[in-house]
Amino acid sequence: MSKVDGALEEQHTSRRLSEMLVLKSDPVKGRGYAAQIDIQKGHKVFEDVPFCKTPDRECVGKVCSYCVHEPSSTPKDLPLLPFGCAQCDSVRYCSQECQDNDLQIHSSECAFLMGNKQARTLLDSFDEYRWTYTMLLLRIITNAYVGTKDIYELWNCCDNYDAWPVSKLETMVDPARVLKAWVETLGYSLPPVDTKITDYLHPFTHDTQLSKCLLMVMKEENNAFGLYTRAKQESYGLAFFPKAIYFNHACEPNIQRVQLANGTLQFVALKDLPKDSELSISYVAAAPQLLLDDQKRKSHLKEYFLFDCHCLLCQ
């Protein structure tokens, strides 16, 4: 860890994000939230707004690319939104206001996507999953470049760079190539990376800048939240929440994640919690069928979140 990262870590760890919770460090689980005071059941302990968000690929045109507001019904059944980019088919908006608010960010992205055929061809070849997270990372880079967001909000997140299966890691390289092309087009300098990480990734990338972009993909994969309709739990977007990521997992959580229509996340106590209690959410809340099968749930957590669960339900 660099001195800058260490200072940021120390500052972030000691910061009380609300009067009810505090960020602590565990030697096994890493950083995570604990109760700063006694918390009563039903109390909202925390709220976080998206740092950046984007619609799922299949929802583009039906979900606003700027506000990414929750759709009123199944996205595929909705008509196209009324406002769109005249140059590309990558964005549509619910209002002229949203289009105007997104103009600075999208105009840069649009020029890149229309002008770099190699990057656009790669992007178009991705499945919905990779396309969506690549677009989210493009948004994060663009916002960092124009100064509206701090890239360190993502950069200081965990990446588990040496825990990814090779087969999964290889699927991330092409999205990283798109990000690298964008970073080089902007002339933007990504933060420094420990040489042990770039050395580890070199066999996959053969390029330091590409290794940094691959690391960004890993950080997104470890820390992004899916956005789901509240009525049917249908996925419609992807977002990064720089503070909500520190809720650790339990298959029987004591905190419930509540998503509002604008993507804001609220976290509510499911039971009375004494001071110093670890605060946990379920990482499989969007797939309740996994709660009924211990082995499938543990396999899912290992594959997608890279850890073996040892919570009370799994023991």
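Everything below is about the structure shown above.
Caption draft 1: Layout of the sheet that holds strand E4 (residues 52–55). On the basis of which strands lie adjacent, the open sheet formed by three strands has the order E4-E8-E7 and antiparallel pairing. Each edge of the open sheet carries a strand with a single partner, namely E4 and strand E7 (224–228). In this sheet, neighbouring strand axes are inclined to one another by 25 degrees on average, regardless of whether the strands run parallel or antiparallel. Bridge analysis of E7 against strand E8 (residues 235–240) gives five bridges, and the strand direction is antiparallel. Looking across to E8, one finds that Leu 227 is bridged to Gly 237.

Caption draft 2: Representation of the pairing of strand E10 (residues 255–259). The sheet contact formed by E10 and strand E11 (residues 265–269) spans five bridges and is antiparallel. Each bridged residue has a counterpart across the sheet, and for Ile 255 the counterpart in E11 is Ala 269.

Caption draft 3: A look at the packing of aromatic side chains. Within the structure shown, the criterion is met by 14 aromatic pairs. Between Phe 51 and Phe 240 the ring centres are 5.5 Å apart and the planes differ by 85 degrees, which places this aromatic pair in the edge-to-face class. Placement of Phe 51 in the loop between strand E3 (44–48) and E4 and of Phe 240 in strand E8 is noted, with a sequence separation of 189 residues between them. Both residues of the pair, Phe 51 and Phe 240, count as buried. Consider the rings of Tyr 161 and Tyr 200, whose centres lie 5.4 Å apart with planes at 80 degrees: the pair is edge-to-face. Within this pair, whereas Tyr 161 is found in the loop between helix H6 (152–155) and helix H7 (166–186), its partner Tyr 200 is found in helix H8 (residues 195–205), the two being separated by 39 residues in sequence. Classification of Tyr 161 as buried rests on a relative accessible area of 15%.

Caption draft 4: Main features of the environment of Ala 181. One can find Ala 181 in helix H7. Here Ala 181 is in contact with Phe 112, Asn 116 and Ala 119, once residues within four sequence places are set aside.

Caption draft 5: Summary view of the sheet that holds E11. The strand order across the open sheet formed by three strands is E3-E11-E10, and the pairing between neighbours is antiparallel. This sheet does not close on itself; its edge strands, each paired only once, are E3 and E10. Looking at each pair of strands side by side, their axes are set apart by 20 degrees on average, direction ignored.

Here is what the cut-offs are and how they apply
- Residues numbered from 1 in each chain as written.
- Predicted model: local features only at pLDDT ≥ 70, side-chain atom pairs only at ≥ 80, totals over all residues.
- Heavy atoms only, no water.
- Pairing = 2+ DSSP bridges.
- Helix = DSSP H or I, 4+ residues; strand = E, 2+ residues; numbered from the N terminus.
- Axes fitted to C-alpha atoms, helices over the stretch in contact; angles between N-to-C directions.
- Phe/Tyr/Trp six-rings, centres within 6.5 Å; stacked < 30°, edge-to-face > 60°.
- Buried < 20%, exposed > 50% of the residue type's maximum accessible area, 1.4 Å probe, protein only.
- Contact = heavy atoms within 4.5 Å.

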